[in-house]
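# Close look at the chain arrangement
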Amino acid sequence: MNGQPMNLRHHCTALAACYIGLVTAGATAYGAAQADGGWAGEVLHTAVFPGYAIFVVLVIYPIMWLSGAEWNMSDETVHPLSHVPPFVAGAVVNALLAWGMTRFLRHFRRESRRSGGSR
């Protein structure tokens with residue numbers, strides 16, 4: 001980095017990457033331990049809350065509906081790591097939501113300053 005400080009945009013990208021990486025590591029460890037519920041699952045669901053729900057409703061449920069599959073979470077049919085992709089997708093959706101909100105707020109602030117603000 002040649003002694004140059006990182007700008008805020010790089011910090012935000014690094015923060016999003018760390019968040020997604022931590023969720024991936026946590027979901028992988030949770031699945032590898034084959035934990036059935038408990039506080040670890042609650043922490044993961046809380047960490048990816050809005051993104052996980054959006055991903056399940058907009059992607060998983062339509063795929064199941066179109067394919068005619070049934071929701072079967074018995075121990076015989078579910079691989080221990082099969083829940084990792086929804087957790088990671090939820091984290092990615094959360095990062096994209098944060099990015100979109102930041103872009104909107106920057107645009108709103110710029111337009112507000114350009115138009116003279118509140119008079």
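Owing to the predicted nature of the structure, the values given are computational and were not obtained by experimental measurement.

Reading the values: the criteria
- Residues numbered from 1 in each chain as written.
- Predicted model: local features only at pLDDT ≥ 70, side-chain atom pairs only at ≥ 80, totals over all residues.
- Heavy atoms only, no water.
- Salt bridge = Lys/Arg side-chain N within 4 Å of Asp/Glu carboxyl O.
- Helix = DSSP H or I, 4+ residues; strand = E, 2+ residues; numbered from the N terminus.
- Buried < 20%, exposed > 50% of the residue type's maximum accessible area, 1.4 Å probe, protein only.
- Axes fitted to C-alpha atoms, helices over the stretch in contact; angles between N-to-C directions.
- Parallel < 35°, antiparallel > 145°, perpendicular 65-115°, else oblique.
- Left-handed = near helix turned anticlockwise from the far one by under 90°.
- Contact = heavy atoms within 4.5 Å.
- Nonpolar A, V, L, I, M, F, W, Y, C, P; charged D, E, K, R; others polar.

### Some thoughts on the pattern of salt bridges
According to the stated counting rule, one finds one salt bridge in the structure shown. Residue Glu 111 is joined to Arg 114 by a salt bridge in which the shortest nitrogen-to-oxygen separation is 2.8 Å. With Glu 111 and Arg 114 both in helix H4 (residues 84-114) and three residues apart, this pair spans about one turn of that helix. Glu 111 sits in the partly exposed class, given a relative accessible area of 27%.

### Points about the packing of helix H1 (residues 8-32) against helix H2 (residues 38-47)
Remark: H1 packs on H2, axes separated minimally by 11 Å, with the N-to-C direction vectors making an angle of 155 degrees. Our classification of the angle between H1 and H2 gives roughly antiparallel. Between H1 and H2 the crossing geometry is left-handed. Listed contacts from H2 to Tyr 19, Val 23, Gly 26, Ala 27 and Tyr 30 of H1 are Ala 40, Gly 41, Leu 44 and Ala 47. Of the residues that constitute the contact of H1 with H2, the class distribution is seven nonpolar, two polar and no charged.

### Some remarks on the environment of Ala 47
Tracing the backbone shows Ala 47 in helix H2. The spatial distance from the C-alpha of Ala 47 to the C-alpha of Tyr 19 is 9.3 Å, given a sequence separation of 28 residues. The contact partners of Ala 47, leaving out residues within four places of it in the chain, are Tyr 19 and Asn 94.

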